[in-house]
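Single-letter residue listing:
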Amino acid sequence: MSSARELHLNINLLSGGAHHGAWRHPGVDPLAFVHVDRYVESARIAERGKFDAVFLGDVPGIAENIVYRPQFNGLEPTLVLTAIARATERIGLIATASTSYNEPYNIARRFQALDLISQGRAGWNAVTTATPGVSRNFVRTLPDRDERYARAKEFIDVVLRLWDSWEPEALLVDVAAGQFVDPDRLRPIAHEGEYFSVLGPFCLPPSPQGHPVIVQAGGSQYGQELAGRTGEAVFASGTDIGAARAYAQQLRSQVAAHGRDPQRLVILPGLVTTLGGTEQEAFQRRDELDQLDLEAGGAPNGHLTVVGTPEQVADVIQLWFESGAADGFNVMPDVLADGLPAFVDHVVPILQRRGLFRTEYRGATLREHYGLPLPARLQGEEQSATARV
């Protein structure tokens with residue numbers, strides 16, 4: 001395996017699975033979207049496969065057509081990931097939270113708490129939430145795109161400043177001297193902006209990875225600019241390898257334009273999988289699932305979809321990875337209950353034999369899994385410690 005570049009895999013925990021008919025599939029718990037044990041079980045399977053992270057989306061309202069299927073994720077994601085954190089050891093934990101319908105201090109606290117509970121495995125997927133039905137749960141009208149992204153920029157900046165408000169060695173824990181924290185190393189952020197007024201400093205210290213990894217979608221022009229500004233990992237969508245490669249290059253140019261290292265960005269398109277022992281079996285499985293979808297056939301979702309054998313799925317992953325169209329994938333099995341174990345047991349070993357994917361975890365934090373550096377302030381602390389030694 002090349003030391004310069006490594007394939008990354010997340011599992012998108014979409015309740016029953018990515019296919020709209022998954023909840024009716026034999027052996028599937030139709031109430032999986034509210035049964036936390038199902039999420040935990042899937043996370044353990046993904047950890048067995050050495051996945052980088054589990055990912056949970058979130059829409060604070062009814063966004064799916066729940067007449068015909070359950071909403072993909074019903075439980076608040078950081079609560080689910082806290083349960084997963086206690087049942088796993090290495091796999092990363094990424095949750096979605098909106099910058100339009102939250103406050104920066106609460107989000108900073110929620111995610112840093114998850115990061116501390118999990119010993120540095122958390123990530124925050126920051127989204128602006130453009131769903132009209134959701135806006136009516138919080139405000140009368142949906143804010144326009146310019147306002148949503150202006151708020152998102154300020155929101156993320158405030159969160160990052162809060163996480164950075166503990167200087168190196170602020171936490172003394174000097175039992176003999178009776179001093180817990182050095183007050184001179186806690187810095188109020190004193191933020192006064194267009195959308196937020198936050199004094200600070202923050203209430204929690206850094207985790208082993210500093211603070212949660214910032215994840216974004218980066219689909220639109222606005223999203224790409226925001227991802228270029230602060231994103232460390234991007235969940236992308238796309239079905240054409242050429243367009244995906246061009247998108248990756250454009251996104252990295254946005255990162256460089258903001259004075260950041262474009263190679264320190266992990267781009268992960270969605271990958272919907274339907275596996276079978278033969279190609280014919282895989283397509284038969286897909287047909288059976290389509291028959292279970294009362295809205296007629298599993299509508300296009302904008303993600304790369306592969307129906308075939310484990311070798312065929314591995315071939316597509318390798319092609320996209322080696323061409324520079326992706327650094328890995330946000331895997332979305334058609335049915336989570338059996339599709340994820342099939343991916344772990346049959347696709348992952350092929351990727352490992354080809355030298356594309358890890359056979360063991362080499363780190364304990366999400367940043368280490370993704371090959372991302374510590375936040376700048378902690379890098380300075382680490383260098384100082386090295387110098388003292």
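Presented here is a report on the structure given in the accompanying data block. Computed from a predicted model, the values in this text were never measured in an experiment.

To continue, consider the pattern of salt bridges. Going through the model one piece at a time under the given rule, you end up with 21 salt bridges. Here glutamate 360 makes a salt bridge to lysine 50, at a shortest N to O gap of 3.4 Å. Residue glutamate 360 is found in the loop between α10 (336–353) and α11 (366–370), and its partner lysine 50 is found in the loop between α1 (36–48) and β2 (53–56); the two are separated by 310 residues along the sequence. Its salt-bridge partner being arginine 285, residue aspartate 338 comes within 2.8 Å of it at the nearest N-O pair. Highlighted residues: aspartate 338 in helix α10 and arginine 285 in helix α8 (residues 279–292), separated in sequence by 53 residues. Overall, arginine 285 belongs to the buried group, its relative accessible area being 14%. Each of Glu6, Asp52, Arg358 and Arg362 takes part in one network of salt bridges that share partners.

Here we come to unusual backbone geometry. Residue proline 201 is reached from glycine 200 by a cis peptide bond, and omega for that bond is 0°. Within the secondary structure layout, proline 201 lies in the loop between β8 (197–198) and β9 (213–216). Of note in the backbone geometry, serine 15 takes a positive phi value of approximately 45° without being a glycine. Residue position: serine 15 is located in the loop between β1 (8–12) and α1. For threonine 129, which is not glycine, the phi torsion reads 60° and is therefore positive. Judged by its relative accessible area of 10%, threonine 129 falls in the buried class.

Now for helix α6 (residues 221–230). Taken together, the buried positions of α6 are occupied by Gly223, Gln224, Leu226, Ala227, Gly228 and Thr230. Against α5 (145–163), β9, β10 (233–236) and α7 (241–257) lie the buried residues of α6.

Once that is clear, we can look at the packing of helix α9 (residues 310–323) against α10. Between α9 and α10, whose axes approach to 9 Å, the crossing angle comes to 50°. The pairing of α9 with α10 is recorded here as oblique in orientation. The two elements α9 and α10 meet at a crossing, and its hand is right-handed. Seen from α9, the contacting residues are Pro310, Glu311, Val313, Ala314 and Ile317; seen from α10, they are Phe343, His346, Val347, Ile350 and Leu351.

In the structure shown here, the tally under the stated rule is 11 aromatic pairs. Taking 5.8 Å as the distance between ring centres and 45° as the angle between the ring planes, the aromatic pair formed by tryptophan 124 and phenylalanine 155 counts as tilted. Residue tryptophan 124 is found in strand β4 (residues 122–127), and its partner phenylalanine 155 is found in helix α5; the two are separated by 31 residues along the sequence. Here the aromatic rings of tyrosine 195 and phenylalanine 196 are separated by 6.4 Å at their centres, their planes lie at 50°, and the arrangement is tilted. Judged by its relative accessible area of 25%, tyrosine 195 falls in the partly exposed class. Members of the aromatic cluster, each reached through a chain of ring pairs, are Phe111, Trp124, Phe155, Trp163, Tyr195 and Phe196. Over the ring of phenylalanine 321 we find arginine 5, and its NZ or CZ is 4.0 Å from the ring centre.

Take a nonpolar patch on the surface next. The grouping of Leu171, Val173, Val175 and Phe180 at the surface amounts to a nonpolar patch, some 410 Å² of accessible area in total. The topology assignment puts phenylalanine 180 in strand β6 (residues 179–181). Here phenylalanine 180 falls in the exposed class, since its relative accessible area comes to 55%.

With that settled, consider the environment of valine 173. With respect to the element layout, valine 173 can be found in strand β5 (residues 171–174). A relative accessible area of 43% places valine 173 in the partly exposed class. Look past the residues within four positions of valine 173 in its chain and what remains in contact with it is Gln179 and Phe180.

Our next topic: the packing of α1 against α10. Between α1 and α10, whose axes approach to 9 Å, the crossing angle comes to 10°. For the element pair α1 / α10, the angle class is roughly parallel. For the pair formed by α1 and α10, the contact residues are Ser42, Ile45, Ala46 and Arg48 on the first element and Leu336, Leu340, Pro341, Val344 and Asp345 on the second. In terms of residue class, the contact of α1 with α10 is made up of 6 nonpolar, 1 polar and 2 charged.

A cluster of acidic side chains, namely Asp144, Asp146, Glu147 and Glu194, defines a negative patch on the protein surface. As for its position among the elements, glutamate 194 is in the loop between β7 (191–192) and β8. Relative accessible area serves as the criterion here: at 65%, glutamate 194 is assigned to the exposed category.

What follows covers the environment of proline 104. Residue placement: proline 104 occurs in helix α3 (residues 104–117). We classify proline 104 as buried; its relative accessible area is 1%. Each C-alpha atom, one on proline 104 and one on phenylalanine 155, is 5.6 Å from the other, the two residues being 51 residues apart in sequence. Excluding residues that lie within four positions of it along the chain, proline 104 makes contacts with Phe155, Val158, Val159, Leu162 and Phe196.

Time to look at the environment of histidine 258. Along the polypeptide, histidine 258 turns up in the loop between α7 and β11 (266–275). Judged by its relative accessible area of 31%, histidine 258 falls in the partly exposed class. Aside from chain neighbours lying at most four places away, what touches histidine 258 is Glu225, Gly228 and Arg229. A polar side-chain atom of histidine 258 sits 3.0 Å from a polar atom in the side chain of glutamate 225.

Rules used in this analysis
Residue numbers here run from 1 along each chain, matching the order of that chain's written sequence. Whole-chain, interface and lining totals are the exception, using all residues; otherwise, since this is a predicted model, local features are given only for residues with pLDDT of at least 70 and side-chain atom pairs are given and counted only at 80 or more. With hydrogens and water excluded, all non-hydrogen atoms of the structure serve as input to the side-chain values. Salt bridges, as used here, are contacts in which a Lys or Arg side-chain nitrogen is within 4 Å of a carboxyl oxygen on Asp or Glu. Numbering of helices and strands runs from the N terminus; a helix is a DSSP stretch of H or I covering at least four residues, while a strand is a stretch of E covering at least two. Each residue is placed in one exposure class: buried if its accessible area under a 1.4 Å probe, protein chains only, is under 20% of its type's maximum, exposed if it is over 50%, and partly exposed if it falls in between. Contact criterion: two residues are considered in contact whenever any of their non-hydrogen atoms come within 4.5 Å of each other. Axis definition: a line fitted to C-alpha atoms, over the contacting stretch in the case of helices. Angles run 0 to 180 degrees between N-to-C directions. Every angle not falling under 35 degrees, over 145, or within 65 to 115 is termed oblique; those three ranges are roughly parallel, roughly antiparallel and roughly perpendicular. Each helix crossing is assigned a hand: it is left-handed if the near helix lies turned anticlockwise from the far helix by less than a right angle, otherwise right-handed if that turn is clockwise. Whether two aromatic rings pair depends on their centres lying within 6.5 Å, for rings of Phe, Tyr and Trp, where Trp uses its six-membered ring; planes under 30 degrees apart make the pair stacked, over 60 edge-to-face, and the rest tilted. By the criterion adopted, a ring carries a charge over it if an Arg CZ or a Lys NZ lies within 6 Å of its centre and within 35 degrees of its normal. Surface patches are defined over residues having more than 30% relative accessible area and no salt bridge, joining like charges when they lie within 9 Å and nonpolar side chains (Val, Leu, Ile, Met, Phe, Trp, Tyr) when within 5 Å. Computed by Shrake-Rupley with a 1.4 Å probe, the accessible areas treat only the displayed protein chains as cover when residues are assessed. Only Asp, Glu, Lys and Arg are considered charged, only Ala, Val, Leu, Ile, Met, Phe, Trp, Tyr, Cys and Pro nonpolar, and every remaining residue, Gly among them, polar. The positive count covers Lys and Arg only, the negative count covers Asp and Glu only, and His and the chain ends enter neither. For this purpose, a charge sits on NZ of Lys, CZ of Arg, CG of Asp or CD of Glu. Under this definition, polar contacts are N or O atom pairs within 3.5 Å; protein pairs additionally need one hydrogen-donor-capable and one acceptor-capable atom, and for neighbouring residues in sequence, both atoms have to be side-chain atoms.

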